[in-house]
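What the coordinates show
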Amino acid sequence: MSNDIKVPDIGDFTDVPVIEIFVKPGDTVKAEDPLVSLESDKATMDVPAPRGGKVKSIAVKVGDKVSEGSVLMVFEGDAAAPTAAAPAEAAKPSVSAPPSPVSAPAGLAEVRVPDIGDFKDVPVIEVFVKVGDTVKAEDPLVSLESDKATMDVPAPLSGVVRAISVNVGDKVSEGSMILSLATGQATGAPTAAAAVAAAGGAQATPTPPAAAPTAASSSGAIDEAAFALAYAGPAVRKFARERGVDLGKVKGTGAHGRILREDVETFSKGGGSSASAPAASKAAPAAGGGAGLDLLPWPKVDFAKFGPVERKELSRIKKISAANLHRNWVVIPHVTTHDEADITDLEPFRVQMNKELEKSGVKISMLPFMMKAAVATLKKFPEFNASLDGDALVLKNYWHIGFAADTPNGLMVPVIRDVDKKTVPDIAKEMGELAKLARDGKLKPDQMQGGTFTISSLGGIGGIYFTPIINAPEVSIMGVCKSYWKQHSSDGKSATWRLTLPLSLSWDHRVIDGAAAARFNVHFANVLADLRRVLF
Ligand code: CAO
């Protein structure tokens, strides 16, 4: 067996620069361990060890250009015990596309299941393409469905499908081959790797509001969306996973900001700079630092010392929400303003409408009315229907309202689009459908995207007030609790019983002032007290 380790078949790629070398002379490697990373203008490819061995010498250095057959390094005989049977020619590079759009000729890319977190043996539920199809970068290739989420795997590159390696029903994990793509002369915008759409909308990561964030929730959590989008090759991704490092937070020092193995190492030792540079640090006091949260480490307690315990892993959705909630809580200066709406007249109207609509099967709770009231109020106070973009406010001329839905796997925030154009029964129907999809773990990423304002209703359960966390990049959220009968008096002498709906509006103090928030609540409550105000 030759001791020369050569560049395997990398399609039509030639003269591809070596951008990283993962081993040094004397290292012992196992079959499939990454040896070097190559980067064309179209894709980043890790070349794995075709067999186990000890590295005798390295024949290339970073910056050298290589093609199929170029010698990369020499192994010393069969020094290490080969593990996985991996004949030399079987080792193929795994592809992950760089984030910048380019258009250039390429070769034959193997598209594999990207980093999908802890999911394993996930069934393929749909194959969107057939051999001969032309696909553009980001076109969905297959859909996977775990018990928690549906994930589309998009094409990392434009090209023509040469061969498909999976069928509906097959079970796949990270690295499983999906198909091969001839990418000659393909143009388009290869973007952030096939991993982008992983994890049931990691892209559109649900950021459900929560009543009581616990500081523990994400001290070590990985933001899966940011991880998927980080600019790093497969080996570095794997390495980051092993170290529990959130790639989204690591600043890459490689070409074009690519994250190198050393960056992950430095970061995990606590010396890395954060890539996220959240608004929190921008907003932090300039003098004397203070940008970082100089907190004590989270207490490590052996709970079993005090009594029997059971360990239960957080669901994937909970982990994703935890990371998002924590970021939102830390970054956004929240204030919550409480108020109440008099729904004494609205409630009998709702009951009457439900009687009239009985045959239609649609049941209307208070929430669809609140959605209408929200739109009417957002139109009057447009800065609440906006997002911060650097130093500018993006005011949206559409009204897509999200609602927090309690599901067995955690909170999700489906979004009802164009609430201004829909009737209350339409909204109620759509809400029921979306809530069911959320509970069945079948919400698609686009059904959680584009929200401009969120309502979190605990009205069906109880409570009086709470402090919802803003669903970034939105700037406010309405929390609603259970209505109750309360005595009201306008003159302090006589009183009447009124059905009262408690409202809790959390708002981003960078965008909204307290007076505006109080006015928003008053208007919202007035609309609910008399829905005719929607017309004004
Ligand atoms: N006051 C009094 N009763 C209310 C009410 C309110 N504000 N809101 C709803 N109700 C009643 C409904 O009318 C319904 O009564 P009936 O069973 O007699 O018809 C009952 O409570 C249950 O309502 P619901 O919760 O099924 O319906 P909804 O439209 O109000 O809410 C949904 C739908 C999906 C938002 C809800 O099921 C849900 O998941 N809520 C939890 C959201 C959540 O967890 N938020 C907190 C996030 S912070 O961590």
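Because the structure is a prediction, the values reported are computed rather than measured.

1. Digging into the environment of Asp446
Structurally, the position occupied by Asp446 is in the loop between helix 9 (424–439) and strand 25 (453–457). Note on Asp446: relative accessible area 46%, which makes it partly exposed. Taking the C-alpha atoms as reference points, Asp446 and Val415, separated by 31 residues in sequence, lie 8.7 Å from one another.

2. Some thoughts on the sheet that holds strand 8 (residues 71–76)
Remark on secondary structure: sheet strands pair via backbone hydrogen bonds, oriented parallel or antiparallel. With antiparallel pairing, the four strands of this open sheet are ordered in space as 1-8-6-3. The outermost strands of the open sheet, each flanked by one partner alone, are strand 1 (4–6) and strand 3 (28–29). As paired elements, strand 1 and strand 8 share three bridges and run antiparallel to each other. By the bridge assignment for strand 8, Lys6 is matched with Val71.

3. Considering the packing of helix 8 (residues 366–380) against helix 9
Running from N to C, helix 8 and helix 9 cross one another at 120 degrees; their axes reach a closest spacing of 9 Å. One way to sum up the angle between helix 8 and helix 9 is to call them oblique. For the element pair helix 8 and helix 9, the recorded crossing hand is right-handed. In this structure, helix 8 uses Leu367, Pro368, Phe369, Met371 and Lys372 to contact helix 9, whose residues at the interface are Val424, Ile427, Ala428 and Met431. Tallied by class, residues from the contact of helix 8 with helix 9 come to eight nonpolar, no polar and one charged.

4. As for unusual backbone geometry
Residues Ala472 and Pro473 are joined by a peptide bond in cis, for which omega reads 10 degrees. In this fold, Pro473 is placed in the loop between strand 25 and strand 26 (476–480). Residue Asp15 is not a glycine yet carries a positive backbone phi of 50 degrees. Unlike most non-glycine residues, Glu32 shows phi in positive territory, near 85 degrees.

5. What about the packing of aromatic side chains?
Counting across every chain of the model gives six aromatic pairs. For the pair Phe384 and Phe520, a centre-to-centre distance of 4.3 Å together with 25 degrees between the ring planes defines the contact as stacked. In this pair, Phe384 is assigned in the loop between helix 8 and strand 19 (386–389) and Phe520 in helix 10 (residues 514–529), connecting sequence segments 136 residues apart. In terms of burial, Phe384 and Phe520 fall into one category: buried. Three or more aromatic residues link up through ring pairs in this structure, and these residues are Phe381, Phe384, Phe453, Phe520 and Phe524. Between Arg261 and the ring centre of Phe239, over which it is positioned, the NZ or CZ distance is 4.0 Å.

6. A word on the environment of Leu411
With respect to the helices and strands, the residue Leu411 is situated in strand 23 (residues 410–412). Among the residues examined, Leu411 registers a relative accessible area of 27% and is labelled partly exposed. Separated by 90 residues in sequence, Leu411 and Ser321 place their C-alpha atoms 7.4 Å apart.

7. A short note on the pattern of salt bridges
Under the criterion given, the structure shown has 15 salt bridges. As a salt-bridge pair, Lys24 and Asp27 come within 3.1 Å of each other at their nearest N and O atoms. Judged by its relative accessible area of 52%, Lys24 falls in the exposed class. Close ionic contact of Lys422 with Glu430 constitutes a salt bridge, the shortest N to O distance being 2.9 Å.

8. Describing a nonpolar patch on the surface
Taken together, the side chains of Leu293, Leu295, Trp329 and Val330 present a nonpolar region at the surface, about 410 Å² in accessible area. Within the fold, Trp329 resides in helix 6 (residues 316–331). Looking at Trp329, the relative accessible area reads 38%, which means it is partly exposed.

9. Things to note about the pairing of strand 26
Counting buried residues along strand 26, five of its five residues qualify, which places the element largely inside the surrounding structure. Burial of the side chains of strand 26 extends over both faces: Ser476, Met478 and Val480 are buried on one face and Ile477 and Gly479 on the other. Across four bridges, strand 25 lies against strand 26 in parallel orientation. Residue pairing in the sheet places Ile455 in a bridge with Met478 of strand 26.

10. Structural notes on helix 9
Over its 16 residues, helix 9 extends 22 Å from the first C-alpha to the last, a length consistent with the 22 Å expected when each residue adds 1.5 Å. Every buried residue of helix 9 is accounted for by Val424, Ile427, Ala428, Met431, Leu434, Ala435 and Ala438. Summarising the axial view, the buried residues of helix 9 lie within an arc of 135 degrees, below the 170-degree limit, and thus occupy one face. Lining the buried residues of helix 9 we find helix 8, strand 21 (401–403), strand 22 (405–407), strand 23 and strand 24 (415–416). One or two residues past the end of helix 9 sits Gly441, with phi positive at roughly 70 degrees.

About the thresholds
Residues numbered from 1 in each chain as written. Predicted model: local features only at pLDDT ≥ 70, side-chain atom pairs only at ≥ 80, totals over all residues. Heavy atoms only, no water. Helix = DSSP H or I, 4+ residues; strand = E, 2+ residues; numbered from the N terminus. Buried < 20%, exposed > 50% of the residue type's maximum accessible area, 1.4 Å probe, protein only. Pairing = 2+ DSSP bridges. Axes fitted to C-alpha atoms, helices over the stretch in contact; angles between N-to-C directions. Parallel < 35°, antiparallel > 145°, perpendicular 65-115°, else oblique. Left-handed = near helix turned anticlockwise from the far one by under 90°. Contact = heavy atoms within 4.5 Å. Nonpolar A, V, L, I, M, F, W, Y, C, P; charged D, E, K, R; others polar. Phe/Tyr/Trp six-rings, centres within 6.5 Å; stacked < 30°, edge-to-face > 60°. Lys NZ or Arg CZ within 6 Å of the ring centre and 35° of its normal. Salt bridge = Lys/Arg side-chain N within 4 Å of Asp/Glu carboxyl O. Patch = residues over 30% accessible without salt bridge, like charges linked within 9 Å, V, L, I, M, F, W, Y side chains within 5 Å. Areas by Shrake-Rupley, 256 points an atom, 1.4 Å probe, with all protein chains shown as cover. Expected span 1.5 Å × (residues − 1). Arc of directions from axis to C-beta.

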